[in-house]
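# A look at the structure
The lines below spell out each chain.
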Amino acid sequence: MFIDILKLILAIPFLLVFPGAFFQLALFGWKGSKMTFFEKAVLAVPLSLIWVDLVILLLAKLGILIRGQVLVGSVLVFCLVCFAIFRYRFPSERQKTEEKDEQKLFDFSVWQTVFILLALALAVFIRVAYLSDTIIPSATDLGHHMYWSQTIVNTGHLPNYGVPDFIIGEHMIFAAVNLTSGVGLMTAMPVLLLLFFNIVGIFAMAILAGRVFKSNKIAAVAFFVAGTLYAINPPQGRYVSGGVVGNIIGDMLIPVALYFLFRALVEKNQIFAGLFLFSFVGLLYTHHLSAFIFIFSAAAILILFLILNFKNILGILENWLRTFAKPFPIAVLLLSAVYFLLIFTPSYFNPAAVGQATGEPTKITRIGYSLSQIDLGIGSAQLVLGGLGFLLAFLAFETKKLRYSLALGWFSVIFLMTWKPELLYVNIPSDRVSNYLFLPLTLLSAYALVRYFEIFSATASRFFSTVTLFVLLFFVITNGLSDSAGAFKTKNQFQEIMEVYHSGRYLASTLDTSKDTLLKDHVNIAADSWYKLFFMKDYKYPLSRGVLSRYIDPTKPRETCTRDMITEPESDAGRACFSRTGVNYIAVNAQMEGSIFEKYPDFSKVYMSDYISVFKRN
Amino acid sequence: MPSKIIIIAIVVLLIASFATLFVIEAKNHDYDYKKAWSVVYFENPRDESLDFAIENHEGESANYAYQIFSNDAKLIEGNIDIKAGATQKISPVLDGEKIKGTRVMIDVRYKDADYRIYKDLK
């Protein structure tokens, strides 16, 4: 066990820090003037993730088996190439020092450092406390994702999904960590990686806030807001535990892409322009919804800025074009085109998928959230604080500064996508969209807290302002943390999960999957999606009775056999389903369907624990 | 320098957190650690063999009482002690003619829990 921890702790920086760090070395040099150490350290992780994904895609295209040694060698070669570029581009690097103003931005004071450390300690502590109750792999989404990662590990090739629901970037990094460290996918490793991305996402929000508002105070407060106020509720701790891989990685990459876009446009810097395109490519290869949200966000920010500066629109567009029409962004664009067209095209890249996500909302779950639903989802405290930030940013609005368009445009567009999606022709589940509100709200909340203090500390009524601030903070902290506290589980599910694992191992070792077909119940069995990792036969093996509401869809007929074979196995419909699907084994909750199935004469019962019963159709 | 302290602190914090969560997972990823359950199953569910196994994950040595029925007729009755975490395989010797075409049920009891498995023989 301790060797595994050590291997994991070595594999994570090797794959998720070094490639990004060397890449930045090649771009900015050792003490480049454009980036502080703090920013480089944060950005090393997302850039590494994207590079590792791209390297794996290239290996797969070249027909090279994806194995541990190959990955280690490829990462080392990549780092060496970056180092060679660094030596070539920065021959007299040692004489250079970081420019003072760049250093200052993230040069926190002692009290700011203490505040950030406390905020981070609390953020990590809350997440760890929450995850300690759910750490055994059991989440449905994570089970599905890990099936594909295990497929990469077992075959050495990238999987052919056959459905647009899965995206390759959600699976490669888990396979890569497994292959380089040997730490299995049915351990804490996947959740720990997600936790890592989640924490890096907090840092990404902080550097974005710092750069946008040119304030280390706002950056410091952003740690507290993103890390503590949004600790557990979706898309944070719960999504880490639930294995919502795309969202977690997307929430890390969206602020990174915006950070580079902002700096590219404000500083007219081609390296940042290229890195923006590069991060966007990473987003496209990882999560379509996050990429979709990002496209809308970036478009809203830029359009708002152009509208507000309509008189200079041509000049602004020309400047932007000049920034992007330079060698580095063009090279990244070409590399991206080569990847998308020749190396690996994401499974959702087709007109049908785009058509499904745009247009008038087609389902009740996509028609938008009411304001009270948004309040419930985000949390009152977070919404009030973000609203205050919106108001203060609006009052301080300077049309010529992109920062205000970014803060207000970003929030406005995601809010509209959540509240009135039909206005933007968005046709995706509103609950999924609302999860992204926390990103601009973090920015606005951090701005609100700092500006509030600055405004009132400058006035005579300092006592009043301090009292008000503390009342506000008390409300925000208690309300924000109570949202998280409500998410903690009261029941330890570890025993049930281990019983599911035991039954999975039993069935995988005794059934002949070429002849036997298993149906398991997702409704009343926890961790059931992990069954497929014991078989590794096919993504759709074993069959599963899904959530019952999914069988009712007024827009199209759904298959109902997986439901009928459990709810009414003796009916004509049930019997017809058995002969059609070939199902001859059924795994159900022993206390619920298990006791009902005992009454059916057509079934033998071959396995029984406290939680799981397995029946065989005679 | 303070920004370096923050990076170093989060690295240390993450290593400690990862190690803690990894150990919690590894310890609990065990059929017996802080758990109390049993399981009874046929060694081979695919054929008509009646060999079965009892696994004791109750966290202590346990005495299991078992009975084997052919339809409603009791054929065998017995008790067996199984150590904590151990598996006991049992191969009942039954008259093939007597049980032909019947439902053979194995009923295993431990304290209040009742585990029943059965096969319908041809």
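Residues numbered from 1 in each chain as written. Chains lettered and ligands numbered in written order. Predicted model: local features only at pLDDT ≥ 70, side-chain atom pairs only at ≥ 80, totals over all residues. Heavy atoms only, no water.

Further remarks concern the overall build of chain A. Per the secondary structure count, chain A includes 28 helices and 5 strands. Since a compact globule built from 618 residues should have a radius of gyration of about 25 Å, the 26 Å found for chain A is in line with a globular shape. With respect to the principal axes defined by its C-alpha atoms, chain A has extents near 80 × 60 × 50 Å. The 618 residues of chain A split such that 59% are buried. Taking as baseline every contact in chain A between residues at least 6 positions apart, the subset at least 24 positions apart corresponds to 76%. Surface accessibility of chain A: about 24,800 Å² in total, with carbon and sulfur atoms responsible for 65%. (Helix = DSSP H or I, 4+ residues; strand = E, 2+ residues; numbered from the N terminus. Rg over C-alpha atoms; globule rule 2.2 N^0.38 Å. Buried < 20%, exposed > 50% of the residue type's maximum accessible area, 1.4 Å probe, protein only. Contact = heavy atoms within 4.5 Å. Areas by Shrake-Rupley, 256 points an atom, 1.4 Å probe, with all protein chains shown as cover.)

Along the backbone of chain B there are 2 helices and 7 strands. Secondary structure elements of chain B, listed N to C terminal, follow the sequence α-β-β-β-β-β-α-β-β. The C-alpha extent of chain B, read off along each of the three principal axes, is 85 × 30 × 20 Å. Contacts in chain B between residues at least 24 apart in sequence constitute 50% of all its contacts with a sequence separation of at least 6. Per element, the accessible surface of chain B, about 6,100 Å² overall, is 51% carbon and sulfur. Side-chain charges in chain B split into 16 positive and 19 negative, and the spacing between the mean points of these groups amounts to 5 Å. (Lys, Arg positive; Asp, Glu negative; His and termini not counted. Charge placed at Lys NZ, Arg CZ, Asp CG, Glu CD.)

Turning to the interface of chain B and chain A, a few remarks are in order. Accessible area lost when the parts come together is the quantity often used to give the size of an interface. Contact with chain B, which involves 46 residues of that partner, is made by 63 residues of chain A. In this assembly, chain B packs against chain A so that about 4,700 Å² is buried in total across both faces, 73% of it on carbon and sulfur atoms. A per-residue breakdown of the area chain B buries against chain A is headed by B:Phe18, B:Phe22 and B:Arg46, which together make up 16% of the total. For the pair chain B and chain A, the number of links is 2 salt bridges. In this structure, the salt-bridge partner of B:Arg116 is A:Glu598, at a minimum N-O distance of 3.4 Å. Linking chain B with chain A are 19 residue pairs in polar contact (both at pLDDT 80 or more), by the criterion used here. (Buried area = accessible area lost by both parts, 1.4 Å probe. Salt bridge = Lys/Arg side-chain N within 4 Å of Asp/Glu carboxyl O. Polar contact = N/O pair within 3.5 Å; in protein donor to acceptor, adjacent residues only side chain to side chain.)

Attention now moves to the domain arrangement of chain B. Taken domain by domain, chain B comprises domain 1 (1–30) and domain 2 (37–120). Placing the centre of domain 1 of chain B and that of domain 2 of chain B at their C-alpha centroids yields a distance of 46 Å. (Domains from an automatic or database assignment.)

Summing up the model confidence of chain A, the mean pLDDT is 88 and the portion of residues at 70 or higher is 91%. Taking the mean pLDDT of every element in chain A, the minimum, 62, falls on helix α5 (residues 100–105) of chain A and the maximum, 96, on helix α8 (residues 172–181) of chain A. (pLDDT = per-residue confidence, 0-100.)

The subject of this paragraph is the nonpolar core. Membership of the largest hydrophobic core comes to 241 residues, with the highest contact counts inside it found for A:Phe197, A:Trp410 and B:Phe52. Of the residues forming this core, the biggest block, 20 residues, is contributed by helix α9 (residues 189–213) of chain A. Shared between two domains, this core holds at least three residues of each, these being domain 1 (1–30) and domain 2 (37–120) of chain B. (Core = buried A, V, L, I, M, F, W, Y, C linked by side-chain atoms within 4.5 Å.)

It is worth spelling out the packing of α8(A) against α9(A) at this point. A packed helix pair is summarised by two numbers, namely the angle formed by the two axes and the spacing between the axes. All names here are of chain A. With their axes 11 Å apart at the nearest point, α8 and α9 run at an angle of 120 degrees to one another. Judged on the interaxial angle alone, α9 and α8 are oblique. Read as a crossing pair, α8 and α9 show a hand that is right-handed. Listed contacts from α9 to Ile173, Phe174, Val177 and Asn178 of α8 are Met189, Pro190, Leu193, Leu194 and Phe197. (Axes fitted to C-alpha atoms, helices over the stretch in contact; angles between N-to-C directions. Parallel < 35°, antiparallel > 145°, perpendicular 65-115°, else oblique. Left-handed = near helix turned anticlockwise from the far one by under 90°.)

As a further point, take the pattern of salt bridges. Residue and element names in this part refer to chain A. Counting across every chain of the model gives 23 salt bridges over all chains. Between Asp4 and Lys7 there is a salt bridge, and its shortest N-O distance comes to 3.8 Å. Of this pair, Asp4 and Lys7 both sit in helix α1 (residues 2–16), 3 residues apart, which is roughly one turn of that helix. The partly exposed category is assigned to Asp4, whose relative accessible area is 27%. Counted as one network, the salt bridges with shared partners bring together Glu39, Arg211, Arg263 and Glu267.

To continue, consider α1(A). With 15 residues, α1(A) should cover 21 Å at 1.5 Å per step; its first-to-last C-alpha distance of 21 Å lies within 8% of that length. Those residues of α1(A) lying buried are A:Ile5, A:Leu8, A:Ala11, A:Ile12, A:Phe14, A:Leu15 and A:Leu16. The elements touched by buried residues of α1(A) are α2 (18–28), α3 (37–61), α4 (68–89), α8 and α9 of chain A together with α1 (2–28) of chain B. (Expected span 1.5 Å × (residues − 1).)

Moving on, we come to the state of the cysteines. Residue and element names in this part refer to chain A. Tallied over the entire structure, the rule returns 1 disulfide over all chains. For Cys561, the disulfide goes to Cys577, at an S-S distance of 2.1 Å. Torsion about the S-S bond of the Cys561 and Cys577 cystine: about -80 degrees, corresponding to left-handed handedness. Of this pair, Cys561 sits in helix α26 (residues 561–567) while Cys577 is found in helix α27 (residues 572–581), placing the two residues 16 residues apart along the sequence. Here Cys561 and Cys577 have matching classes, each one buried. Cys79 supplies the cysteine sulfur nearest to Cys82, a cysteine that is in no disulfide, at a spacing of 6.5 Å. (Disulfide = S-S within 2.5 Å.)

One can find B:Asn28 in helix α1. Separated by 2.8 Å, the side chain of B:Asn28 and the backbone oxygen of B:Ile24 make a polar contact. For B:Asn28, the residues in contact, after removing those within four places along its chain, are A:Ile136, A:Phe494, A:Met498, B:Tyr33 and B:Lys35.

Let's shift gears to the packing of aromatic side chains. All names here are of chain A. Across all of its chains, the model carries 53 aromatic pairs over all chains by this definition. Relative to Phe278, the ring of Trp51 lies with its centre 5.1 Å away and its plane at 40 degrees, an arrangement referred to as tilted. With a gap of 227 residues between them, Trp51 in helix α3 and Phe278 in helix α13 (residues 270–286) connect regions that are remote in the sequence. For Trp51, a relative accessible area of 15% corresponds to the buried category. We classify Phe278 as buried; its relative accessible area is 4%. (Phe/Tyr/Trp six-rings, centres within 6.5 Å; stacked < 30°, edge-to-face > 60°.)

On average, residues of chain B carry a pLDDT of 92, and 100% of them reach 70 or more. The ipTM for the predicted assembly is 0.95, set against a pTM of 0.92.

Residues and elements named next belong to chain A. There is a patch of nonpolar side chains on the surface, built from Val110, Trp111, Val114 and Leu118 and spanning about 480 Å² of accessible area. As for its position among the elements, Val114 is in helix α6 (residues 110–131). A relative accessible area of 33% places Val114 in the partly exposed class. (Patch = residues over 30% accessible without salt bridge, like charges linked within 9 Å, V, L, I, M, F, W, Y side chains within 5 Å.)

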